[in-house]
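# Breakdown of the fold
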Amino acid sequence: MANLKEIRNRITSVSSTMQITSAMKMVSAAKLKKAQDAITAMRPYAEKLTELLQNLSATLDGDIGGEFTTQREVKKVLVVAITSNRGLCGAFNTNVIKEAKNRAAFYAGKQVDIFAIGKKGNDVLSKTNSVVANQSTVFDNLTFDNVAVIADTLTQKFVSGEYDMIELIYNQFKNAATQIVQTEQFLPLAPIKTDLNVPAGDYIFEPSKEEIVLTLIPKSLKTQLYKGIRDSFASEHGARMTAMHKATDNATELRNQLKLTYNKARQAAITNEILEIVGGAEALKG
């Protein structure tokens, strides 16, 4: 059994760790509320924009997506992996990194590059895969305008023919304890599925429907990427809050066990001292 000093040192160490994890949990909980409100408020807009684009496209004939819908033989793939800049958030980053490697394996025999958004994904994936860029600074000031610059870069890579397929991988926020890894096709735009039995509304368009659709597509792509990063940002804080909550609980349990061990050891030491005193007294009497 460890001596009393060693046990006291362990209790002090575990208590300090528990204070840190508890503080990190509270910080993440505060940040989660703001991030959750942001993604919750944005989803209806993103869904309505997609619905509007689908309704307009359903009334047009032929390929109206232009360069954004060009289907080419897939030889070069760009996987956009959205992770975080910091760790201590459970399996949040690991799940995205694992899925990115799975997608690279799925496209075996083709050129597969990684576009990392987040420091953690870049650090791990750069060791085993080809990482062509890292945009970790976007989380320092997460705004639509800053994300739009990244979306324009990705769009240009597809339009120029540098890549034939671009996919997004990120954690979708469901609640503080649940994040779902999503893989979405960013470009080319997937064929739009509509219900042909639903009549289109009678609208007067100015300018033409074709021009409106071609204007909405870049806007929709920027919104899709922004929503993915916002989802990931909220998921990160939810995952970290949950991880720190579990770590605090584990530290509390370990501290209690150490205190029990310390008390038992202290009681045993006191008992031994009493026995020695009694033994010495008896020896003097004899």
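Our structure's up above, just so we're on the same page.
Throughout what follows, the structure given in this document is the object of discussion.

Of regular secondary structure, the protein possesses five helices and five strands. In the protein, the succession of α and β elements from N to C terminus is α-β-α-β-α-β-α-β-β-α. Expected size for 286 residues packed as a compact globule is a radius of gyration near 19 Å; at 29 Å, the protein overshoots this value by more than 25%. Over its C-alpha atoms, taken along the principal directions, the protein stretches across nearly 115 × 45 × 35 Å. By residue count, 38% of the 286 residues in the protein fall in the buried class.

Counting buried residues in strand 4 (residues 165-175) gives eight out of eleven residues, a clear majority hidden from the surface. Pairing geometry for strand 4 and strand 5 (residues 178-187), over nine bridges, is antiparallel. Its bridge partner lying in strand 5, E167 is registered against Q185. From the end of strand 4 to the start of strand 5, which pair antiparallel, there are two residues.

A few words on the packing of helix 4 (residues 144-159) against helix 5 (residues 209-285). It is the contact of helix 4 with helix 5, at a shortest axis distance of 9 Å, that shows an interaxial angle of 115 degrees. Considering how the two elements wind past one another, helix 4 and helix 5 form a crossing that is right-handed. For the pair helix 4 and helix 5, contact is made by F144, V147, A148, I150, A151, D152, L154 and T155 and by K219, L221, K222, T223, L225, Y226 and I229, respectively. Residue composition of the contact of helix 4 with helix 5, grouped by class: ten nonpolar, two polar and three charged.

Turning to the side chain of N171, a few remarks are in order. As for its position among the elements, N171 is in strand 4. Note on N171: relative accessible area 1%, which makes it buried.

Take the pattern of salt bridges next. Summed over the entire model, instances satisfying the criterion amount to eight salt bridges. A salt bridge links K33 to D37; the nearest nitrogen and oxygen atoms lie 2.8 Å apart. Placement of both K33 and D37 in helix 1 (residues 4-58) is noted, with a separation of four residues, approximately one turn of the helix. Residue class for K33 comes out partly exposed when judged on its relative accessible area of 48%.

Here we have five strands laid out as an open sheet, ordered 3-2-1-4-5, and mixed in their pairing. Among the strands making up the open sheet, the edge pair consists of strand 3 (130-134) and strand 5. Each neighbouring strand pair of the sheet contributes to a mean axis angle of 25 degrees, computed without reference to strand direction. Its contacts with the sheet place helix 2 (residues 92-106) against strand 1 (76-82), strand 2 (111-117), strand 4 and strand 5, and it is angled at close to 150 degrees to strand 4. Helix 4 contacts strand 1, strand 2, strand 4 and strand 5 of the sheet and is inclined by roughly 45 degrees relative to strand 5.

Our next topic: helix 4. For helix 4, spanning 16 residues, the distance from its first C-alpha to its last is 22 Å, which sits close to the expected 22 Å at 1.5 Å a residue. Three or more residues of helix 4 are buried, namely V147, A148, I150, A151, L154, T155, K157 and F158. Considering only its buried residues, helix 4 is in contact with strand 1, strand 2, strand 4, strand 5 and helix 5. Looking one or two residues past helix 4, G161 carries a phi angle of roughly 90 degrees, positive in sign.

Attention now moves to a nonpolar patch on the surface. On the surface, I270, I274 and V278 cluster together to form a nonpolar patch covering roughly 240 Å² of accessible area. Examined against the element boundaries, I270 turns out to sit in helix 5.

A word on the pairing of strand 2. Consecutive side chains of a regular strand alternate in pointing toward one face of the sheet and then the other. Most of strand 2 sits out of view: six of its seven residues are buried. In this structure, strand 1 lies alongside strand 2, joined through seven bridges in parallel fashion. By the bridge assignment for strand 2, V77 is matched with V112. Handedness of the crossover joining strand 1 and strand 2 through helix 2: right-handed. Inspection of the sheet shows strand 2 paired to strand 3 by four bridges, in the parallel sense. Its bridge partner lying in strand 3, A116 is registered against N134. Between the parallel elements strand 2 and strand 3, the chain passes through helix 3 (residues 119-125) in a crossover that is right-handed.

What counts and what doesn't
Residues numbered from 1 in each chain as written. Predicted model: local features only at pLDDT ≥ 70, side-chain atom pairs only at ≥ 80, totals over all residues. Heavy atoms only, no water. Helix = DSSP H or I, 4+ residues; strand = E, 2+ residues; numbered from the N terminus. Rg over C-alpha atoms; globule rule 2.2 N^0.38 Å. Buried < 20%, exposed > 50% of the residue type's maximum accessible area, 1.4 Å probe, protein only. Pairing = 2+ DSSP bridges. Axes fitted to C-alpha atoms, helices over the stretch in contact; angles between N-to-C directions. Left-handed = near helix turned anticlockwise from the far one by under 90°. Contact = heavy atoms within 4.5 Å. Nonpolar A, V, L, I, M, F, W, Y, C, P; charged D, E, K, R; others polar. Salt bridge = Lys/Arg side-chain N within 4 Å of Asp/Glu carboxyl O. Expected span 1.5 Å × (residues − 1). Patch = residues over 30% accessible without salt bridge, like charges linked within 9 Å, V, L, I, M, F, W, Y side chains within 5 Å. Areas by Shrake-Rupley, 256 points an atom, 1.4 Å probe, with all protein chains shown as cover. Right-handed = clockwise from strand over helix to strand, strands pointing away.

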